[in-house]
Amino acid sequence: MASCKDYDFIRIVGTSSFSSTAIHFTKHRRSSVTKAIRVSDLDACSSECVQFLQRELWVCRALCHPNVLVHDIAFVEEEKLYVINEFMNYGACSDVMESHFKFGLPEVLIAYILSEVIHALEYIHKLGYIHRGVKARHILLSSNGRVKLSSNRSMISMLNEKQRRKNVHDFPKHDIYLLPWLSPEILQQNIKGYDTQSDIYSLGITTCELANGHAPFTDMPNARMLLEKLNGTKPCLLDQTTVPPEPELIETHDGQNSEAIQQHQITMSRTFSEDFHQLASSCLNVDPSSRPTATQLLNHPFLQHTASGKENFATLLLPLTPVLPETQKLSSPVDRMVAEASGKLQSLNLSQYHWEF
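Throughout, residues of each chain are indexed from 1 in the direction in which the sequence is written. In view of the model being predicted, local features appear only for residues whose pLDDT reaches at least 70, and side-chain atom pairs are presented and counted only at 80 or more, with totals across whole chains, interfaces and linings using the full set of residues. Excluded from the side-chain calculation are hydrogens and water; included are all heavy atoms of the structure.

Enquirer: Outline helix H1 (residues 47–60), supporting the account with residue identities and numerical values.
Expert: Its 14 residues give H1 an end-to-end C-alpha distance of 20 Å, which sits within 8% of 20 Å, the value for a rise of 1.5 Å per residue. Looking at H1, one finds that the buried residues are Cys 49, Phe 52, Leu 53, Glu 56, Leu 57, Val 59 and Cys 60. Buried residues in H1, looked at end-on, bunch into an arc of 160°, giving them a common side. Across H1 from its buried face, at more than 90 degrees, point the exposed residues Ser 47, Gln 51, Gln 54 and Trp 58. Here, two residues are considered to be in contact whenever any of their heavy atoms come within 4.5 Å of each other. Counting from the N terminus, the helices are DSSP H or I runs at least four residues long and the strands are E runs at least two residues long. In this fold, the buried residues of H1 make contact with strand E3 (34–41), strand E4 (73–77), strand E5 (80–86) and strand E7 (129–130). A helix is expected to reach a length of 1.5 Å times the quantity of its residues less one. Relative accessibility under 20% of the residue-type maximum defines a buried residue, over 50% an exposed one, and the middle range a partly exposed one, all with a 1.4 Å probe and only protein chains included. The arc under discussion is defined with respect to the helix axis, by the directions toward the C-beta atoms.

Enquirer: Describe in detail the packing of aromatic side chains, supporting the description with residues and values.
Expert: Stacked, tilted and edge-to-face pairs are distinguished by plane angle, under 30 degrees for stacked and over 60 for edge-to-face with tilted covering the rest, among Phe, Tyr and Trp rings (Trp via its six-membered ring) whose centres lie within 6.5 Å. Enumeration according to the criterion identifies 6 aromatic pairs in this entry. Where Tyr 90 meets Phe 313, the ring centres are 6.1 Å apart and the plane angle is 75°; that geometry is what we call edge-to-face. Remark: Phe 313 occurs in helix H11 (residues 313–316) and Tyr 90 occurs in the loop between E5 and strand E6 (91–92); sequence separation between them is 223 residues. Given a relative accessible area of 0%, Tyr 90 falls into the buried group. When its relative accessible area of 2% is taken as the criterion, Phe 313 is described as buried. Feature note: the residues Tyr 90, Tyr 112 and Phe 313 constitute an aromatic cluster, connected by ring pairs. The ring of Trp 181 carries the charged tip of Lys 135 above its face, separated from the ring centre by 4.1 Å. Criterion for a charge above a ring: Lys NZ or Arg CZ within 6 Å of the ring centre, and within 35 degrees of the ring normal.

Enquirer: Quick one: what's the story with the sheet that holds E6, residue by residue and with numbers?
Expert: Two strands qualify as a pair provided DSSP detects at least 2 bridges between them. Overall, antiparallel pairing links the 3 strands, which are arranged E6-E8-E9 in an open sheet. The outermost strands of the open sheet, each flanked by one partner alone, are E6 and strand E9 (147–149). Two elements, E6 and strand E8 (residues 139–141), share 2 bridges in a ladder whose sense is antiparallel. The residue bridging Gly 91 from the neighbouring strand is Leu 141, located in E8. Axis definition: a line fitted to C-alpha atoms, over the contacting stretch in the case of helices. Angles run 0 to 180 degrees between N-to-C directions. The sheet strands contacting helix H3 (residues 107–126) are E8 and E9, and the helix crosses E9 at an angle near 40°.

Structure, rendered in structure tokens:
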């Protein structure tokens, strides 16, 4: 039987925005295998929170896909709930961008990541679920090239009494930090409701986030964000084809904002492919029926050349290296390749992890 005593707890790498929950980077004492263990203090949780955690574990029991993060085992010990997951040693896409790729990931890497996430969404949608949590912080990467979609706690089923509903009306009230990623039809909260196509809109926002280094609408008050979305405002990929040559840069009391200048310089030095622009635009249509389904997206021309991203996964992330326990050596082929490809590597610091639950 599993026990928390079987693990050395190294460091907290994530917290919950709604409950007394933290996720720890751990190492199994006998096998030295690294794991991510989520610990929830049930005594400190409200009854609503406990029901929410129970529902999440129940939903995860129905999931089994290589691109969906599900727990290995869960158990209760001394009034604490322990949920053991695979440790994705590159962290979330948002961690990778914050630490090194501040203005966006390479296009070929994004193509590979999106392909894996869309496979996850296709699987989830076929089961009759809506994910409602697609964003860069919920896309986890591992040094073996695995990409997994997390945050299953936001999922909702479209099945009701063994029949599939056309739409649902539930609003994910626990996830106020998800608002910029949510589709207009979810935010509207009207009688029409929403369906799996709302995830495709979130995927479009995430696509812009991965390419630009930041998510659209995050700098706006919620009321303006909703108005912009309902009016059909479409974010876009920032490159020299979409940004004017001389934008108005932000002024501060110290002069021009250096980060804005750097963003402009990088933006004007790159050109994303036409297929990439088209994929992002199609996902961000206001009308859900005008968006492609996950299955249709898998046949999109932009995703037909993802092999290069998979083959060069570790190289594309240089100079970053995966987080490893201090006692673990670079023994895998991928780790050795990374070590040989760079004379000076920068390991992703555990303090830069911000997994959300």
